[in-house]
Amino acid sequence: GGEGSASQPVPGLEGRSYVFFPPVDVGPFRAQVRLTCALAPPAAGRAEVSVLETNPGLMDAASGEVEYQEDPGELIETNTKVVMRWRQVKTGLRVSQEASQRFLLKVPGWFPVPDAVIEAVLRPFIEQSIAGSQRGVVERLQDLLRAADSQSERKGALHRA
């Protein structure tokens, strides 16, 4: 699974995380996308996330389990990178976010649905995925900043003791 905008470490791949988008109903099916992401090494004033794989899965209505593709590259090619930068300014913290994404859906020529219909069905899903991805990055950055502040406060308390 991975209900909602959750994340979890990828078993056996240190530094990689699965990020799960909330399930989406596409016609009679319920789908959920799982991203495999990597964070670049920490740098002052900068965070970078790369999406290494986008894997659409179908959810079993009875069990809620999601079956992901064995080779998602057969269906979708994606390349996504999100870079956030921040710096202290007189009025607080200035944060900027740069996102680039390439998305290629491979639809076989024999598929009996016109391209315009496929686009109409998938466009809202893709737009929601992009927006969710950007929200997830901001939330993760906020979590990291809170953790850093908390560590800094603990160290300050130790030095005062």
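Everything that follows concerns the structure shown earlier in this document.
Model, not experiment: these values are computed from the prediction.

Colleague: Is there a simple way to think about the nonpolar core in this case?
Modeller: Where a protein is soluble and globular, its nonpolar side chains tend to be buried together. Membership of the largest hydrophobic core is limited to eight residues, which are Phe21, Val24, Val33, Leu35, Cys37, Val49, Val51 and Phe125. Elements supplying a minimum of two residues to this core: strand 4 (29-39) and strand 5 (46-59). Here this core takes three residues from strand 4, the largest share from any one element. In contact with Leu35, other than residues within four places in its own chain, are Ser17, Tyr18, Val19, Phe21, Val51, Glu53 and Thr54. Val10, Phe20, Met59 and Tyr68 belong to the second-largest nonpolar core, a separate cluster that totals six residues.

Colleague: For this particular structure, what's the right way to read a negative patch on the surface?
Modeller: Together, Asp60, Glu65, Glu67, Glu70, Asp71 and Glu74 line one region of the surface with negative charge. Turning to its location among the elements, Asp71 is positioned in the loop between strand 6 (66-68) and strand 7 (76-89). Judged by its relative accessible area of 42%, Asp71 is partly exposed.

Colleague: Is there a simple way to think about the environment of Arg123 in this case?
Modeller: You can see Arg123 is positioned in helix 1 (residues 115-160). For Arg123 and Glu139, which are 16 residues apart along the polypeptide, the C-alpha to C-alpha distance reads 24 Å.

Colleague: How do you make sense of the pairing of strand 2 (residues 16-20) when you look at a structure like this?
Modeller: Successive side chains on a regular strand alternate, one facing one side of the sheet and the next facing the other. For strand 1 (residues 7-9) and strand 2, the ladder comprises three bridges, and the chain directions are antiparallel. From the neighbouring strand, Ser7 faces strand 2, where its bridge partner is Val19. Count of turn residues in the strand 1/strand 2 antiparallel hairpin: six residues, of which Gly12 carries a positive phi of about 80°. Relative to strand 4, strand 2 runs antiparallel, the two sharing five bridges. Each bridged residue has a counterpart across the sheet, and for Tyr18 the counterpart in strand 4 is Thr36.

Colleague: Help me out: how do you make sense of a nonpolar patch on the surface in this one?
Modeller: Residues Phe103, Leu105, Val107, Trp110 and Phe111 make up a contiguous nonpolar surface patch of roughly 490 Å² in combined accessible area. The topology assignment puts Val107 in the loop between strand 8 (92-105) and helix 1.

Colleague: In this structure, what is going on with the pattern of salt bridges? I would like to understand it.
Modeller: Opposite charge on two side chains lets them pair, provided their charged atoms get close. According to the stated counting rule, one finds seven salt bridges in the structure shown. Residues Arg30 and Asp25 are paired through a salt bridge, measuring 3.0 Å at the closest nitrogen-oxygen approach. A relative accessible area of 33% places Arg30 in the partly exposed class. The network of salt bridges with shared partners includes Arg46, Glu48 and Lys81.

Colleague: Got a minute to help me understand the side chain of Ser50 in this structure?
Modeller: Here Ser50 lies in strand 5. Beyond its immediate chain neighbours, meaning those up to four positions away, Ser50 contacts Thr36, Cys37, Ala38, Thr80 and Lys81.

Colleague: How should the packing of aromatic side chains be read in this particular structure?
Modeller: For any pair of aromatic rings, the description consists of the separation of the ring centres together with the inter-plane angle of the planes. Enumeration according to the criterion identifies two aromatic pairs in this entry. Each member of the aromatic cluster is reached from another via a ring pair, and the members are Tyr18, Phe20 and Tyr68. Positioned over the ring face of Tyr18 is Arg34, at 4.1 Å from the centre of the ring. When the ring centre of Tyr68 is taken as reference, the NZ or CZ atom of Arg34 above it lies at 4.4 Å.

Colleague: Explain the pairing of strand 8 here, please?
Modeller: Bridging between strand 7 and strand 8 involves 14 bridges; their strand directions are antiparallel. Its bridge partner being in strand 8, Val82 is matched across the sheet by Ala99. Connecting strand 7 to the next strand, strand 8, in antiparallel fashion are two residues.

Calculation notes
- Residues numbered from 1 in each chain as written.
- Predicted model: local features only at pLDDT ≥ 70, side-chain atom pairs only at ≥ 80, totals over all residues.
- Heavy atoms only, no water.
- Core = buried A, V, L, I, M, F, W, Y, C linked by side-chain atoms within 4.5 Å.
- Buried < 20%, exposed > 50% of the residue type's maximum accessible area, 1.4 Å probe, protein only.
- Helix = DSSP H or I, 4+ residues; strand = E, 2+ residues; numbered from the N terminus.
- Contact = heavy atoms within 4.5 Å.
- Patch = residues over 30% accessible without salt bridge, like charges linked within 9 Å, V, L, I, M, F, W, Y side chains within 5 Å.
- Areas by Shrake-Rupley, 256 points an atom, 1.4 Å probe, with all protein chains shown as cover.
- Salt bridge = Lys/Arg side-chain N within 4 Å of Asp/Glu carboxyl O.
- Lys, Arg positive; Asp, Glu negative; His and termini not counted.
- Charge placed at Lys NZ, Arg CZ, Asp CG, Glu CD.
- Pairing = 2+ DSSP bridges.
- Phe/Tyr/Trp six-rings, centres within 6.5 Å; stacked < 30°, edge-to-face > 60°.
- Lys NZ or Arg CZ within 6 Å of the ring centre and 35° of its normal.

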